[in-house]
Amino acid sequence: MNQALFKNAMQGVSKFLNEYQSYLNVFLIFIAITLVIIFVLNAAKLASAGENPRKRQEAIHGILVTGICIAVLGSFSLILGLLIAFIIV
């Protein structure tokens, strides 16, 4: 029973990924580009903060949050890539 359920789930995931893989890739690229732009803006904000500790702290916080988001996006892309490689192929 469990093998049949697992096989059904794999077929469903495979069908979904075959149909929507290009849309997922475009979505991930859009998010990655947006995060890079936000990272650059926060770096510029940090450079222009000068001696103001409040602005400097806000810029560092923005850089940290953006870095974490990029890491999560990278792990999601890795998991999606492995899923595509092992299930579809």
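As a starting point, this report considers the structure included with it. Here the residue numbers are simple positions, counted from 1 along each chain's written sequence. At least 70 in pLDDT is required for a residue's local features to be given in this predicted model, at least 80 for side-chain atom pairs to be given and counted, and no such filter applies to totals for whole chains, interfaces and linings, which use all residues. As a rule here, side-chain values come from all non-hydrogen atoms in the structure, and water together with hydrogens is ignored.

### What to know about the nonpolar core
To define a nonpolar core, start from buried Ala, Val, Leu, Ile, Met, Phe, Trp, Tyr and Cys residues and group those joined through side-chain atoms within 4.5 Å. We call a residue buried when its accessible area falls under 20% of the maximum for its residue type, exposed when it is over 50%, and partly exposed in between, using a 1.4 Å probe and counting protein chains only. Counting residues in each nonpolar core, the largest one holds six residues, listed as Leu17, Leu28, Leu35, Leu73, Leu80 and Ile84. Secondary structure elements follow DSSP: runs of H or I of four or more residues count as helices, runs of E of two or more count as strands, with numbering from the N terminus. Elements with a contribution of two residues or more to this core: helix 1 (2-49) and helix 2 (53-88).

### Re helix 1
Side chains that are three or four residues apart share a direction in an α-helix, a result of its 3.6 residues per turn. Compared with an ideal rise of 1.5 Å per residue, which puts 48 residues at 70 Å, helix 1 spans 58 Å between its outermost C-alpha atoms and falls more than 12% short. The sharpest bend along helix 1 comes to roughly 65 degrees, located at Tyr20. Looking only at helix 1, the buried set comprises Ser14, Leu17, Leu28, Leu35, Asn42 and Ala49. Downstream of helix 1 by one or two residues, Gly50 has phi in the positive range, about 65 degrees. Expected helix span is given by 1.5 Å per residue-to-residue step, counting one fewer step than there are residues. In this scheme, the bend at a residue equals the angle between the axes fitted to the seven residues that finish there and the seven that begin there.

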